[in-house]
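Residue-level structure breakdown
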Amino acid sequence: MATDPTISLKIRTALAEYLKRDPDRILVTQHLRDDLGLDSMAVIELLYRIEEAFDLQIPDQDLVGLATVGHVVSYVEKRLGKPAKSSKPKSKKKS
Amino acid sequence: MRARVVVTGLGVVSPIGIGISDFWKAALAGQSGISAISSFDPFPMDGYRSKVAGQVRDFSADRFIDSVHGERVDRYAQFGLVAVKEALADSGLQMAKENPHRVGVIVGAGMGGMLMGEREITQLYQQQKPHRVHPNFIPVITLNSASGIIAIAYGAKGPNLTISTACSSSAHALGQALHCIREGRADVVIVVGADASITPLVFAGFCSLRALSSKYNDYPEKASRPFDRLRDGFVMGEGAGALILESAAHAKKRKARVYAEIAGYAATSEAYHMVIPREDGLEVAYTMKLALADAGLTPTQVDYINAHATATPIGDAVEVKAIRQLFKSRADKITINATKSLIGHTLGAAGAIGGIASVLALYTGKIHPTANYDDPDPACALAGLSRSAQERRVKVALLNAFGFGSNNAAVVFKQATAEGRRSKG
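Residues numbered from 1 in each chain as written. Chains lettered and ligands numbered in written order. Predicted model: local features only at pLDDT ≥ 70, side-chain atom pairs only at ≥ 80, totals over all residues.

Residue and element names in this part refer to chain B. Judged by how many residues are buried, strand β7 (residues 188–195) sits mostly within the fold: 8 of 8 residues are covered. Across the two faces of β7 the burial is the same, with Val188, Ile190, Val192 and Ala194 and Val189, Val191, Gly193 and Asp195 all buried. When strand β5 (residues 103–108) meets β7, the two strands line up parallel, connected through 6 bridges. The partner of Val105 across the bridge, within β7, is Ile190. Bridge count between β7 and strand β8 (residues 239–247): 8 bridges; the pairing is antiparallel. Within β8, the position partnered with Ala194 by the bridge is Ala240. (Buried ≥ 20, exposed ≤ 12 C-beta atoms within 10 Å, placed from the backbone. Helix = DSSP H or I, 4+ residues; strand = E, 2+ residues; numbered from the N terminus. Pairing = 2+ DSSP bridges.)

Shown next, in the form of structure tokens:
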């Protein structure tokens, strides 16, 4: 699935800051726990940063399935809507 | 026969130095660590009655410790980690050679993770966004965050406890560690006292309690003046002290250098008032007597007292009254000092740092000065107090620590045997 380069970069940058490494070394295919070594507490801290970066609230039930960097990018894209579609999906989610 | 317990390692983070060497050099020189608080950004200091504190300047945890552990905890626990790192290295103890279940950690902390606590509470109330409370808030403010992270950092799987009795917290930590080893529940206990709560809310709270010095805001180094006629309250400090306690047999087996023996401890409550001590000093005297009895000693054997001496008008007078009651004519033959005159009142860290000063007095025969003891208050004059460093062979030292909540502790240290003092692990 194609990803929004801006959203992807923002998430990889947040991860890179957290892990103190180069954003270029964070790949969307990487598994948060197995490849990046994040424990469950670290994943929660990361999502906290992402909520702030994108002004989102991520409900508990959405945490399931956010296993890779790509999953997080796709999730944020879905919540924000495709770049061209502005906030329409967001309002749909609310309804 | 119960196990004897000895002190084999020391570490400190204080307003007069990070590391025992710097701390002790500054302490013997009577150097003050009290300075003006420039601001509680973004609060100006105008609204605060007191504007001075014993602050640990230029502290950056990652200069001293592994960021994996330091980043997850508040400043007080970072202080604790740094002090423990030094104390363990000083002791020569190698965790890889120890049975981890026989190594405990006991921390005394009065306030805990208040930096993050205050920040998060303020944001929540201002922004009303509960989902923006940091996920690490609870683990950071939970009062055993320091004992937890220290055990995690060093793989210490023995008893892991936190004692919070305000200003006497780490004196009790020392005493509980003594009992723990005596009773055979551990070979080694890493004892820590730590606090870092010079924060907008806590500082304001102590100001409102009228407990802090406020007359010396323009002369910070003069503000902490225990036993002096012109004392007007305590000066807040921050820091951490760490002491490695182990059974004498364990220390001997690994040929460790022994600083001193920790020989006795007593814990009592005055059951009187949350913040005011009993004026007759009876309970303080009783606590010191109990601790000496626990050590198998009598009041006639005490050479040195590291006094609680916060510089509040009532507290210092009560402590001296109690010393006179218990030691009678010997009271004026005992050398006495107040570590808080140099670094302020480090709350939960005070017992551990006072313990370090006591242990170093036993080990080096040097007793640091009591700063600003310029005009002895007749209500608390004792011949053994001095503005200068004193030298004396100390065989028995007594550490006093009293806390809000009507809480008293006393700890007795003895000079180590010549054999222990010579060894170096």
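There is more to say, and it comes next.
Take the nonpolar core next. As a rule of thumb, nonpolar side chains are buried together in soluble globular proteins. With 143 residues, the main nonpolar core has Ile150, Val191, Val192, Leu243, Leu245 and Val411 of chain B as its most contacted residues. Ignoring anything within four residues of it in the chain, the contact list for Ile150 of chain B reads Gly80, Leu81, Val84, Val105, Ile190 and Val192 of chain B. (Core = buried A, V, L, I, M, F, W, Y, C linked by C-beta atoms within 7 Å. Contact = placed C-beta atoms within 7 Å.)

Looking now at the interface of chain A and chain B. Counting from both sides, the interface comprises 5 residues of chain A and, opposite them, 4 residues of chain B. Looking at side-chain class alone, the side of chain A that touches chain B contains 2 nonpolar, 1 polar and 2 charged residues. (Nonpolar A, V, L, I, M, F, W, Y, C, P; charged D, E, K, R; others polar.)

Moving on: unusual backbone geometry. Residue and element names in this part refer to chain B. A positive phi angle is found at Phe227, which is not glycine, with a value near 70°. In this fold, Phe227 is placed in the loop between α9 (200–208) and β8. Judged by C-beta crowding, with 27 C-beta atoms within 10 Å, Phe227 ranks as buried. Here the phi dihedral of Ala311 falls at roughly 85°; this positive angle occurs in a residue that is not glycine. Look at Ala311 and you get buried, because 26 C-beta atoms sit within 10 Å.

Time to look at the confidence of the model for chain A. Residue and element names in this part refer to chain A. Mean pLDDT over chain A: 83, with 81% of residues reaching 70 or higher. Between the elements of chain A, mean pLDDT differs from a low of 41, seen in helix α4 (residues 88–94), to a high of 95, seen in helix α3 (residues 69–80). Within the model, pLDDT remains below 50 along residues 83–95, and this stretch shows 9 contacts once partners closer than five positions in the same chain are excluded. (pLDDT = per-residue confidence, 0-100.)

Time to look at helix α11 (residues 282–294) of chain B. Residues and elements named next belong to chain B. Taking 1.5 Å per residue, 13 residues should reach 18 Å; α11 reaches 18 Å between its end C-alpha atoms and fits that length. Of all the positions in α11, only Glu283, Val284, Ala285, Thr287, Met288, Ala291 and Leu292 are classed as buried. Buried positions along α11 lie against β9 (260–269), α12 (313–327), β14 (396–403) and β15 (407–415). Once α11 ends, the next one or two residues include Gly296, with phi positive near 75°. (Expected span 1.5 Å × (residues − 1).)

Our next topic: the confidence of the model for chain B. In this model, chain B carries an average pLDDT of 96, and 99% of its residues clear a pLDDT of 70 or more. Scored by ipTM, the complex comes to 0.74, with pTM at 0.93.

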